[in-house]
Each structure stands twice: as structure tokens, then as C-alpha cells.
Amino acid sequence: MLYSEVVMDHFMNPRNVGTIADADGVGEVGNAKCGDIMRIYLKIKNDVIEDVKFETFGCGSAIASSSMATEMIKGKPLSQALTLTNKAVAEALDGLPAHKLHCSVLAEEAIKNAIKNYYDKNGIEYNEEQFKESAHEHGHCDI
Ligand code: FES
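Since this is a predicted model, take the numbers as computed values, not measurements. (Residues numbered from 1 in each chain as written. Predicted model: local features only at pLDDT ≥ 70, side-chain atom pairs only at ≥ 80, totals over all residues. Heavy atoms only, no water.)

**A word on the pairing of strand E3 (residues 48–57)**
- With nine bridges joining them, strand E2 (residues 37–45) and E3 adopt antiparallel strand pairing. Counted as the bridge partner of Ile 37 is Phe 57 from E3.
- The antiparallel hairpin formed by E2 and E3 contains two residues in its connecting segment, where Asn 46 sits at a positive phi of about 50°. (Pairing = 2+ DSSP bridges. Helix = DSSP H or I, 4+ residues; strand = E, 2+ residues; numbered from the N terminus.)

See the structure below:
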């Protein structure tokens, strides 16, 4: 079986799908190769992610990764959400096939972009290092 039961569950019943009209931070990333797009909406109070929603125009692995990633950061402080890696998301999904690992990178980067958007909008200082493009493998999107 190519996909784990956890992946199938999150793909068939994705958590936190939708938008937040008065979001405090919005982040969007796209994969240039496959054209898949992910958007994350955050509601933030006292540096804690009170609510999170996502929209993904993408493959099943991208949907499952976003669903899992949003579950992992909901109710967590921003500092903790910033440390979420695509590896941790893939592990929580009981693994992704090697050629689908890049799909989980979208979730990690969209979350970081949304937090950066929140910091920028509110004039909160941050360390650019935390938002550097990580050295993930980008690009190959062989569906
Ligand atoms: Fe493009 Fe999964 S994100 S194929």
C-alpha cells in the first residue's frame, strides 16, 4: 500500500478546511513545478494559534499534510508552530512515499508565511533566520 491509513484518513476527511474571514495572518505558497497552491489562515491571540484553516489546491498528499499540520499547530504558541518541520508532519502521517515528501513542505512553508504575515502586519520584530527558505528538496512534483 502506497499510502498509510493516517494519510488516507486525513485525505478523505481533512481537518480545518476553509478560510477565516478576519484572519490575523495569511500565508500562501505554491509549487512552481506542479502548480499546487496552499493557503493558511491563522487566528492569533496572545501569541497562541487559536484557530487555523487551510485551502489547498493540490494533490492528496498536500491535502493530508495540511490537515495534519494544522492539527499539530492548533492551540500552540507561535514559537512552537515555527519549529514544525515537514519531516515531523510526514512522520505524524506514518510516512509519505519518497516522491511525495515535497508535498508536505508546502504545509510547513505556508504556516511560516502566515506567521510572518502576522508579524509584519503588527510591526512585531522577528529573526529573519527563522523564515529562511529551508533546504528542502523543491521541484520535482511527479504526480
Ligand atoms: Fe504537487 Fe503534491 S504538492 S504533487
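**Digging into the confidence of the model for the protein chain**
- Of all residues in the protein chain, 92% have pLDDT values of 70 or greater, and the mean over the chain is 90.
- Ranking the helices and strands of the protein chain by mean pLDDT puts E2 first, with 97, and helix H5 (residues 101–122) last, with 94.
- pLDDT under 50 marks residues 137–143. Its contacts with residues more than four places away, or in other chains, come to 15 contacts. (pLDDT = per-residue confidence, 0-100. Contact = heavy atoms within 4.5 Å.)

**Some details on the side chain of Asp 24**
- Locating Asp 24 in the fold gives a position in the loop between helix H1 (5–12) and strand E1 (25–30).
- Of note is the side chain of Asp 24, whose polar atom sits 2.7 Å from the backbone nitrogen of Ile 44.
- Among all residues touching Asp 24, those that are not within four sequence positions of it are Leu 42, Lys 43, Ile 44, Asn 117, Tyr 118 and Lys 121. (Polar contact = N/O pair within 3.5 Å; in protein donor to acceptor, adjacent residues only side chain to side chain.)

**Brief notes about the pattern of salt bridges**
- Throughout the structure, instances matching the rule amount to nine salt bridges.
- Of the charged contacts, one joins Glu 55 and Arg 39 as a salt bridge, the two residues approaching to 3.2 Å between their closest N and O atoms. In this pair, Glu 55 is assigned in strand E3 and Arg 39 in strand E2, connecting sequence segments 16 residues apart.
- Note on Glu 55: relative accessible area 30%, which makes it partly exposed. (Salt bridge = Lys/Arg side-chain N within 4 Å of Asp/Glu carboxyl O. Buried < 20%, exposed > 50% of the residue type's maximum accessible area, 1.4 Å probe, protein only.)

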